[in-house]
Amino acid sequence: MALEDVEHCEDYCLHEDRIKKANEKMPDEDELYDIAELFKVFGDSTRIRILYVLFESELCVCDLAQTLNMNQSAISHQLKILKQAKLVTGRREGKSVFYSLADDHVRAIIDQGREHIEE
């Protein structure tokens, strides 16, 4: 997309009050980085599929692999990423580890994303 294709101001004019307000609300660089990293995790459809399955109930890796028609190694790899991003939690029960959504925010983020694309 060329610059001509993007609408822009015809006159250069600053709105100091708006700039000040925007800068006051801007999170620090570390927080912006963390937010960007979180959204990168949502950038993989396999991880989204795993989260959707976990909306219904907690499942072990075997159950997830069967449900998504994938091998356990691939599921485990994606779960590691989701766990590092604090989107899922695991609980051991005997020889199995059951995974679930970390909290209601995860469902809200996905639901809002879905609403946005359906507008």
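In what follows, the structure referred to is the one given above.
Below or above, wherever it landed, is the structure these notes cover. (Residues numbered from 1 in each chain as written. Predicted model: local features only at pLDDT ≥ 70, side-chain atom pairs only at ≥ 80, totals over all residues. Heavy atoms only, no water.)

What follows concerns a negative patch on the surface. Together, Asp28, Glu29, Asp30, Glu31 and Asp34 give the surface a local cluster of negative charge. Secondary-structure assignment places Glu31 in helix α2 (residues 29-41). Taking relative accessible area as the criterion, Glu31 reaches 42% and is therefore assigned partly exposed. (Patch = residues over 30% accessible without salt bridge, like charges linked within 9 Å, V, L, I, M, F, W, Y side chains within 5 Å. Areas by Shrake-Rupley, 256 points an atom, 1.4 Å probe, with all protein chains shown as cover. Salt bridge = Lys/Arg side-chain N within 4 Å of Asp/Glu carboxyl O. Lys, Arg positive; Asp, Glu negative; His and termini not counted. Charge placed at Lys NZ, Arg CZ, Asp CG, Glu CD. Helix = DSSP H or I, 4+ residues; strand = E, 2+ residues; numbered from the N terminus. Buried < 20%, exposed > 50% of the residue type's maximum accessible area, 1.4 Å probe, protein only.)

Across its 12 residues, helix α3 (residues 45-56) extends 18 Å between first and last C-alpha, which sits within 8% of the 16 Å expected from 1.5 Å per residue. Of all the positions in α3, only Thr46, Arg47, Ile50, Leu51, Val53, Leu54 and Phe55 are classed as buried. Two or three places before Thr46, at the start of α3, stands the capping residue Asp44, its side-chain oxygen 2.9 Å from that residue's backbone nitrogen. (Expected span 1.5 Å × (residues − 1). Polar contact = N/O pair within 3.5 Å; in protein donor to acceptor, adjacent residues only side chain to side chain.)

When you line up the elements, Gln78 lands in helix α5 (residues 72-84). Residue class for Gln78 comes out buried when judged on its relative accessible area of 11%. Within the structure, the side chain of Gln78 is placed 2.8 Å from the side chain of Arg47, a separation counted as a polar contact. Every residue in contact with Gln78, bar those within four places of it in the chain, is listed here: Asp44, Thr46, Arg47 and Ile50. (Contact = heavy atoms within 4.5 Å.)

Now for the pairing of strand β3 (residues 96-101). When strand β1 (residues 59-60) meets β3, the two strands line up antiparallel, connected through 2 bridges. Looking at the pairing, Cys60 lines up with Phe98 of β3. Direction of pairing for strand β2 (residues 88-93) relative to β3: antiparallel, over a ladder of 6 bridges. Across the sheet, Arg91 pairs through a bridge with Phe98, a residue of β3. Taking the residues between adjacent antiparallel strands as the criterion, β2 and β3 are bridged by 2 residues, where Gly94 takes a positive phi near 65 degrees. (Pairing = 2+ DSSP bridges.)

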